[in-house]
Amino acid sequence: MLSAASELEKEQRRKDLSSAKRSGLELLTAALNSRYAVFGVIGFFILALLGWLILDHKIPGYDPAWHAIFSSSVRRYLTHPKEWSLANLILLGKQHYAYPPGAWAFNGFLKVFLGDSNWGDKLCLVVQSLILAVSFYKLSMMSFQDRLKANLGLIVLLSFPLICMLQHLPTLDLLQVAMFTCFYACLGAWSRKPSWKNTLISALVFGFYCLCKQISVLYSVPVLGLLFLRYLFIRDFNKAGKIFFIGITAALFLGIFWVFPNLAQIQSYLAARAPSTVSLATKLSMMLSNLKVSSIQLLQSMGPYFLLLSLSLLSGKGLKNNAPKLLVPALGAVSGWLLIITYAYYNAPEPRYFAPVLVPVALLLGALGAEGLRSSSRLKRMLALTIMLLAPAQMFFLCFQPAPAFESNSKTSAYELLGVGNFRGILAYNDNSDPWKQRWVFDKIEAVEKIRYVWLNVLPGTWEYNQGSMSYLGHQRKSHVIPITWRGCQPDMSDSF
């Protein structure tokens, strides 16, 4: 009899424990589904980013350094009204012919208020991350009308290794992904209410998005073209006209601020890489190689093991319920990816070129996670909870490890074990105040030559030592040491600066 009573007590304890766990899970689900949860999610990741930026003391590499310097030129123009003229405005768009000036203008405007310093550049990344987070949440809410799906998708997106990497570098790519998300959110709002007000907002956002980076056109024009043809086919000429207006606005932005000022150099660049100079077999071989490499890079960009675990929540019903709602941004992301490896086949693919693909993936994973948390199956609920906790855990594990201990090239390093070896050295912070002794070089020269200008010939072209990084450091120090480079007859960005 005592034994039976003991068994009943044990069974009751198990039920109570199970009920407590279930109520705790339900409490978490309800919290993430609340109206104010998005502020907590965004605040958490922004504080984490600020913490990383405080810890890290690396000097930006070649391309990031020059982009930061170009944005400083815009800041100088904006803060010196006496220099305001059409000729000087055109020169700002000619700092480098290969890039539209949208990101430089955006960061230069922010640096008017944030300051022309290394911290000014870092805070620009924080602002861009905020635009990405808010735009993603808005896009998800328009797709699903579900706060839980939007918040879980946001957690997943901001935990992807590639997004974390872009948040650590002053390149054009973080703003490009943010404006990709913002544009498709505006397009979603326009499709619900195609008023002229929403048309104008979409046109301005699209125009600026195309100025952020040249590949932005590939991620957006195919979708707009299909929408235009669709409205023509169903004889809705009012909407077709508004889509045409959105497209022509972007074309004017690109023509006035980038293409026409750099037309001769762009024509020369394209002529040197004309398709006729490459055989069809070679072109197809390069395209297939790029497709293979970019596919692997995309898996690494999301954390392959996290992605595979997340897809365990995938079901036919979940795909049927959620995938159609993501058709437009997914079509834009995939078309951009395929066009890059098809048209720009001569460029070695880099993960950051394909960053917009992560947006619809995060939207889908957020939706699957929300359905898992609401499932009647306890196993699915616990699996969904585990996956959603793993996302920020992966971000912290990869980012908040000091270099060089975490930059090992060993096949057994944490980056290799997690399948994200390409991001070694960029995700990890370096808390050494002068990790590669670039500042030491300036200190030694300035100690000898205190007044006269000194031209410093920077021969290396590595990530740590190059003319761009040294020029960035000299600009921040307002130094009279001017880095130049002469390695054979290689072209140099300073020619157009």
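Just so you know, the residues in each chain are numbered from 1, in the order the chain's sequence is written. Side-chain atom pairs in this predicted model are given and counted only at pLDDT of 80 or more, local residue features only at pLDDT of at least 70, and totals for whole chains, interfaces and linings cover all residues. Side-chain metrics rest on all non-hydrogen atoms present in the structure, leaving aside hydrogens and water.

Draft legend 1. Looking closely at the overall build of the chain. Strands here mean DSSP runs of E at least two residues long; helices mean DSSP runs of H or I at least four residues long; both are numbered from the N terminus. The helix and strand inventory of the chain stands at 22 helices and two strands. A simple rule labels every residue: compare its accessible area, found with a 1.4 Å probe on the protein chains alone, to the largest value its type can have, and call it buried under 20%, exposed over 50%, or partly exposed in between. Across the 497 residues of the chain, 49% fall into the buried class. For the chain, the proportion of contacts with a sequence separation of at least 24, taken over those separated by at least 6, is 80%. Only carbon and sulfur atoms are counted for the fraction: they give 68% of the accessible area of the chain, which is about 24200 Å². Residue contacts follow a heavy-atom distance rule, with two residues in contact if any of their heavy atoms lie within 4.5 Å. Calculation of accessible area relied on Shrake-Rupley with a 1.4 Å probe; when residues are assessed, cover is drawn exclusively from the protein chains displayed.

Draft legend 2. View of the pairing of strand β2 (residues 481-484). Burial of the side chains of β2 is restricted to one face: V481 and P483 are buried, whereas none of I482 and I484 on the reverse face is. By the bridge criterion, four bridges tie strand β1 (residues 454-457) to β2 in an arrangement that is parallel. When the sheet's bridge partners are listed, L456 is paired in β2 with P483. Since β1 and β2 lie parallel, the crossover through helix α22 (residues 467-477) that links them has a hand, and here it is right-handed. For two strands to be treated as a pair, DSSP must find at least two bridges joining them. Call a crossover right-handed when, viewed with both strands pointing away from you, the route from the first strand across the helix to the second goes clockwise.

Draft legend 3. How the structure looks around the confidence of the model for the chain. Confidence of the predictor in every single residue is expressed as pLDDT, which spans 0 to 100. In this model, the chain carries an average pLDDT of 82, and 84% of its residues clear a pLDDT of 70 or more. Across residues 487-497 the pLDDT falls below 50, and counting only partners more than four positions away or on other chains, this stretch makes 22 contacts in the model.

Draft legend 4. Inspection of the nonpolar core at higher detail. To qualify as a nonpolar core, a set must consist of buried Ala, Val, Leu, Ile, Met, Phe, Trp, Tyr and Cys residues joined through side-chain atoms within 4.5 Å. Counting 126 residues, the largest nonpolar core has L157, F160 and F354 as its most contacted members. Broken down by element, this core gets its largest block of residues, 13 residues, from helix α9 (residues 173-192). Filtering out sequence-adjacent residues up to four positions away, F160 remains in contact with S301, M302, F306, L358, V361, A362 and L365.

Draft legend 5. Representation of the packing of helix α2 (residues 37-55) against helix α7 (residues 147-159) in the model. Orientation is described by lines fitted to C-alpha atoms, with helices fitted over the stretch in contact, and by angles between N-to-C directions that extend from 0 to 180 degrees. Taken N-terminus to C-terminus, the directions of α2 and α7 make an angle of 10 degrees; their axes are 10 Å apart at the nearest point. Looking at the two axes, α2 sits roughly parallel to α7. Along the contact surface, α2 presents A37, V38, V41, I42 and F45, while α7 presents N151, L154, I155, L158 and S159. Partitioned by chemical class, the residues of the contact of α2 with α7 number eight nonpolar, two polar and no charged. Orientation categories follow fixed angle ranges, with anything under 35 degrees roughly parallel, anything over 145 roughly antiparallel, 65 to 115 roughly perpendicular, and all other angles oblique. Gly is put with the polar residues, along with every residue not named as nonpolar or charged; the nonpolar set is Ala, Val, Leu, Ile, Met, Phe, Trp, Tyr, Cys and Pro, and the charged set is Asp, Glu, Lys and Arg.

Draft legend 6. How the structure looks around the side chain of H480. Relative to the assigned elements, H480 resides in the loop between α22 and β2. Given a relative accessible area of 15%, H480 falls into the buried group. Polar contact is defined as a pair of N or O atoms within 3.5 Å, subject to the rule that within protein one atom must be able to donate a hydrogen and the other to accept it, and that residues adjacent in sequence are counted only when both atoms are side-chain atoms. A polar contact of 2.4 Å, which involves the side chain of H480, links it to the backbone oxygen of E449. Contacts of H480, omitting those with residues within four sequence positions, involve E446, E449, K450, I451, R452, Y453 and V454.

Draft legend 7. Highlighting the pattern of salt bridges. We define a salt bridge as a contact between a side-chain nitrogen of Lys or Arg and a carboxyl oxygen of Asp or Glu at a distance within 4 Å. Here the structure, examined in full by the defined rule, presents eleven salt bridges. With a closest N to O distance of 2.9 Å, R76 and E83 form a salt bridge. Residue class for R76 comes out partly exposed when judged on its relative accessible area of 46%. Among the charged side chains, a network of salt bridges with common partners joins D173, K213, E350 and R352.

Draft legend 8. Up close: the environment of R147. On the secondary structure map, R147 appears in helix α7. With 115 residues separating them in the primary sequence, R147 and L32 have C-alpha atoms 7.3 Å apart. Of note is the side chain of R147, whose polar atom sits 2.9 Å from the backbone oxygen of N33.

Draft legend 9. Geometry of the packing of aromatic side chains. Centres within 6.5 Å are what make two rings of Phe, Tyr or Trp a pair, Trp counting through its six-membered ring; a difference in plane orientation under 30 degrees is then read as stacked, over 60 as edge-to-face, and the rest as tilted. Enumeration according to the criterion identifies 20 aromatic pairs in this entry. Every member of this aromatic cluster is reached through a ring pair, and the members are F180, F183, Y184, F206, Y209 and Y219. The rule is short: NZ of Lys or CZ of Arg within 6 Å of the ring centre and within 35 degrees of the ring normal puts a charge over the ring. A cation over a ring is seen here: K122 above W119, with NZ or CZ 5.1 Å from the ring centre.

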